[in-house]
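Next come the chains, spelled out residue by residue.
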Amino acid sequence: TAANAQRAASGLMTPGLSHCGLKISYGPADDRLHDFYIPALSCSVRYDRTAGFFSSGALAIAAAGVQRLIANGGTMRLLVGAHLSRADVEAIQQGHKLNSVLSEHLVSALDAAPEKVMRERLQVLAWLVASGHLQIRVVLPAGPDGQPLPTSADAGYFHAKEGLFADAHGDRIAFSGSINESAAGWQHNYEQFHVYRSWDESRPYLEDVANRFQRLWESQELGWIAVDIPQAAHQLLLRYRPAVAPARDPL
């Protein structure tokens, strides 16, 4: 469309990731949110991230800074984890649809009324979902038969802490480390992560992050499956949708 063409053109006018001045690693002495995360988003037109846990709070943190991605006409893919109890898995084995069982958990996780800032951030995600710029999939541990397993110490839990940015010039950066998808993780905790670039010798590490994300997204990672967010949770998230694209970031 003309609007998309205009956004693409403006994206090419913005500085790329190679001009963001990002360091090769960040630790507890760094302002990770303002010196890495937000500048990277401001230069990007695509963002893949793993959030680890599905809740209104976790999604709100995932939305931090994303208004800048919207301004660039960008897209986002989000992988999140979810708990399934033994009773949930038994219900699935008895013929209940996975989406129905999973939907109960995700709806309850979204149903609690979040505080104002979280609600405003969820509006950012809801706008992306409604406009087709955000896809969310839920990652679950799976057995040899490909069926989900109950959350337990044996089955494990989706707890990835990585992300991948791409700009309009074709450059990419990835981060991987201890950083959790939470306000405390980005701003307060003792955290560290490394940054990989597509234009230097760290590219093989970036490709590893990118390939791992894609395998998870396509349910090709051994022992894990990814399913689209159920329609009921999808509709509940859309309740937060604003009339127009958010023009400011509640961060």
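Engineer: Help me get a handle on the overall build of the protein chain, residues and values and all.
Structural biologist: Within the protein chain, the regular secondary structure consists of 10 helices and eight strands. Out of the 251 residues belonging to the protein chain, those deemed buried represent 50%. Counted over contacts in the protein chain with a minimum sequence separation of 6, partners at least 24 positions apart contribute 75%. Summed over all atoms, the accessible surface of the protein chain reaches about 11,700 Å², with 51% contributed by carbon and sulfur.

Engineer: With reference to specific residues and values, describe helix H9 (residues 203–217).
Structural biologist: For H9, which comprises 15 residues, the first-to-last C-alpha distance of 21 Å matches the rise-based estimate of 21 Å (1.5 Å per residue) to within 8%. The complete set of buried residues in H9 reads Leu206, Val209, Ala210, Phe213, Leu216 and Trp217. Within H9, the buried residues cover an arc of 130° as seen down the axis, which keeps them to one side. Backbone geometry just downstream of H9 places Ser219 in the positive-phi region, at approximately 60°.

Engineer: Please give an account of the pairing of strand E2 (residues 46–50) that cites residues and values.
Structural biologist: A large share of E2 lies buried, amounting to four of its five residues. Bridging between E2 and strand E3 (residues 75–81) involves five bridges; their strand directions are parallel. Bridge pairing in E3 links Tyr47 to Met76. Pairing of E2 with strand E5 (residues 162–166), which is carried by four bridges, proceeds in the antiparallel orientation. Bridging across to E5, Tyr47 finds its partner in Phe165.

Engineer: Any details on helix H2 (residues 32–42)? Residues and values, ideally.
Structural biologist: What H2 keeps buried is the set Arg32, Leu33, Phe36, Tyr37, Ile38, Ala40 and Leu41. The arc that holds the buried residues of H2, viewed along the axis, is 165°, so those residues lie on one side.

Engineer: Got a sec to walk through the sheet that holds strand E1 (residues 25–26)? Specific residues and values, please.
Structural biologist: Across a sheet, strands are paired by hydrogen bonds formed along the backbone, either parallel or antiparallel in direction. The strand order across the open sheet formed by eight strands is E1-E7-E6-E5-E2-E3-E4-E8, and the pairing between neighbours is mixed. The sheet is open, and its two borders are formed by E1 and strand E8 (224–228), each paired with just one other strand. When E3 meets strand E4 (residues 134–141), the two strands line up parallel, connected through six bridges. If you follow Gly81 over to E4, its bridge partner there is Val139. Set on the sheet, H2 makes contact with E1, E2, E5, strand E6 (172–177) and strand E7 (193–197); between it and E5 the angle comes to about 45°.

Engineer: Please provide a residue-by-residue account of the pairing of E7, values included.
Structural biologist: Of all five residues in E7, four are buried, a share of seventy percent or more. Of the strand pairs in this sheet, E1 and E7 are connected by two bridges, and their pairing is antiparallel. Paired with Ser25 across the two strands is His194, which belongs to E7. The pairing of E6 with E7 spans five bridges and is antiparallel. Bridged to Ser176 within E7 is His194.

Engineer: Provide a residue-level description of the pattern of salt bridges, including the pertinent values.
Structural biologist: Summed over all chains, the structure comprises eight salt bridges. Across the pair Arg212 and Asp208 runs a salt bridge, and its minimum N-O distance is 3.2 Å. Of the two residues, Arg212 and Asp208 both sit in helix H9, four residues apart, roughly one turn of that helix. Residue class for Arg212 comes out partly exposed when judged on its relative accessible area of 23%. On the basis of relative accessible area, Asp208 is assigned to the partly exposed category, the value being 37%. Salt bridges sharing common partners tie together Glu162, Asp208 and Arg212.

Engineer: Would you mind going over the environment of Tyr205 in detail, with residue names and values included?
Structural biologist: With respect to the helices, strands and loops of the structure, Tyr205 is situated in helix H9. With a relative accessible area of 52%, Tyr205 lands in the exposed category. Between the C-alpha atoms of Tyr205 and His194, which are 11 residues apart in sequence, the distance is 9.8 Å.

Engineer: Tell me about the packing of aromatic side chains, and please be specific about residues and values.
Structural biologist: With the rule as written, the count across this model stands at 12 aromatic pairs. Here the aromatic rings of Tyr196 and Tyr205 are separated by 5.3 Å at their centres, their planes lie at 25°, and the arrangement is stacked. Judged by relative accessible area, Tyr196 falls into the buried class, the value being 16%. Both rings, one in Phe213 and one in Trp217, keep their centres 5.9 Å apart while their planes meet at 15°; by these two values the pair is stacked. Of the two residues, Phe213 and Trp217 are both situated in helix H9; the distance of four residues between them amounts to about one turn of the helix. The class of Trp217 is buried, set by a relative accessible area of 5%. Every member of this aromatic cluster is reached through a ring pair, and the members are Tyr26, Phe36, Tyr37, Tyr47, Phe165, Phe175 and Phe193. Its guanidinium or amino end placed over the ring of Tyr26, Lys23 lies 5.3 Å from that ring's centre, counting from NZ or CZ. Of note, Arg77 hangs over the ring of Trp217, and the distance from its end group to the ring centre comes to 5.1 Å.

Cut-offs used in this document
- Residues numbered from 1 in each chain as written.
- Predicted model: local features only at pLDDT ≥ 70, side-chain atom pairs only at ≥ 80, totals over all residues.
- Heavy atoms only, no water.
- Helix = DSSP H or I, 4+ residues; strand = E, 2+ residues; numbered from the N terminus.
- Buried < 20%, exposed > 50% of the residue type's maximum accessible area, 1.4 Å probe, protein only.
- Contact = heavy atoms within 4.5 Å.
- Areas by Shrake-Rupley, 256 points an atom, 1.4 Å probe, with all protein chains shown as cover.
- Expected span 1.5 Å × (residues − 1).
- Arc of directions from axis to C-beta.
- Pairing = 2+ DSSP bridges.
- Axes fitted to C-alpha atoms, helices over the stretch in contact; angles between N-to-C directions.
- Salt bridge = Lys/Arg side-chain N within 4 Å of Asp/Glu carboxyl O.
- Phe/Tyr/Trp six-rings, centres within 6.5 Å; stacked < 30°, edge-to-face > 60°.
- Lys NZ or Arg CZ within 6 Å of the ring centre and 35° of its normal.

These figures come from the coordinates and say nothing about function on their own.
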